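Given next are the chains, with one letter for each unit.
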Amino acid sequence: MPTNSISARFQELFPETNLISLLTRYGGDAGDIFETIQDRYDAHEQEPLVGLLGIKAANIDAFARAAYWDLVSDIRIRYLSSLPRSEAAAIAAAADNLISHPENDDIDWTPDEFVSDWNDLHRGEEPLK
């Protein structure tokens, strides 16, 4: 029997990922992300216009993948928010291509994105260049 749980489907699609534990370590709650996406999935599933208009509803895999990328986005923000300027500057200076999170290489930035995102999250500090 297929699952209707975004969280369960996420675990099936991404059994080796450490995103949930990383987010928890940064003070985030993956449960909030899964709940929000589950609500969207449930609402879309029950949307009467979808059937009437003949539009194919997005399947649960699409919602599980959306949860994956929401987790990545939240971790990116929390990681950069906690990164001191000196460390961020050293990372940016050493970068020649992509900058990856030290514990998950699916979480990455171009050097320009890294600097821009860090600066956006640390407006009260001297910006990185």
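Residues numbered from 1 in each chain as written. Predicted model: local features only at pLDDT ≥ 70, side-chain atom pairs only at ≥ 80, totals over all residues. Heavy atoms only, no water.

Some words on the packing of helix H5 (residues 60-82) against helix H7 (residues 111-121)
Line of reasoning, step 1. H7 packs onto H5 with a crossing angle of 70 degrees between their chain directions and a minimal axis gap of 9 Å. Between H5 and H7, the crossing angle belongs to the class labelled roughly perpendicular. Taken as a pair, H5 and H7 cross one another with a handedness that is right-handed. The residues of H7 that touch H5, namely those facing Arg76, Ile77, Leu80 and Ser81, are Glu113, Phe114, Asp117, Trp118 and Leu121.
Line of reasoning, step 2. Along the lines of polarity and charge, the residues of the contact of H5 with H7 split into five nonpolar, one polar and three charged. (Axes fitted to C-alpha atoms, helices over the stretch in contact; angles between N-to-C directions. Helix = DSSP H or I, 4+ residues; strand = E, 2+ residues; numbered from the N terminus. Parallel < 35°, antiparallel > 145°, perpendicular 65-115°, else oblique. Left-handed = near helix turned anticlockwise from the far one by under 90°. Contact = heavy atoms within 4.5 Å. Nonpolar A, V, L, I, M, F, W, Y, C, P; charged D, E, K, R; others polar.)

A short note on the packing of helix H6 (residues 85-94) against H7
Line of reasoning, step 1. Remark: H6 packs on H7, axes separated minimally by 10 Å, with the N-to-C direction vectors making an angle of 165 degrees. Accordingly, the angle class assigned to the pair H6 and H7 is roughly antiparallel. Helix-helix and strand crossings are classified by hand; for H6 and H7 the assignment is left-handed. Together, Arg85, Ala88, Ile91 and Ala92 of H6 and Phe114, Val115 and Trp118 of H7 make up the contact between the two elements.
Line of reasoning, step 2. Residues belonging to the contact of H6 with H7 are distributed by class as follows: six nonpolar, no polar and one charged.

Re the side chain of arginine 76
Line of reasoning, step 1. Relative to the helices and strands, arginine 76 resides in helix H5.
Line of reasoning, step 2. Arginine 76 gets classed as buried once you look at its relative accessible area, which sits at 19%.
Line of reasoning, step 3. Not counting residues within four places of it along the chain, the set of residues in contact with arginine 76 comprises Ile107, Asp108, Trp109, Glu113 and Asp117. (Buried < 20%, exposed > 50% of the residue type's maximum accessible area, 1.4 Å probe, protein only.)

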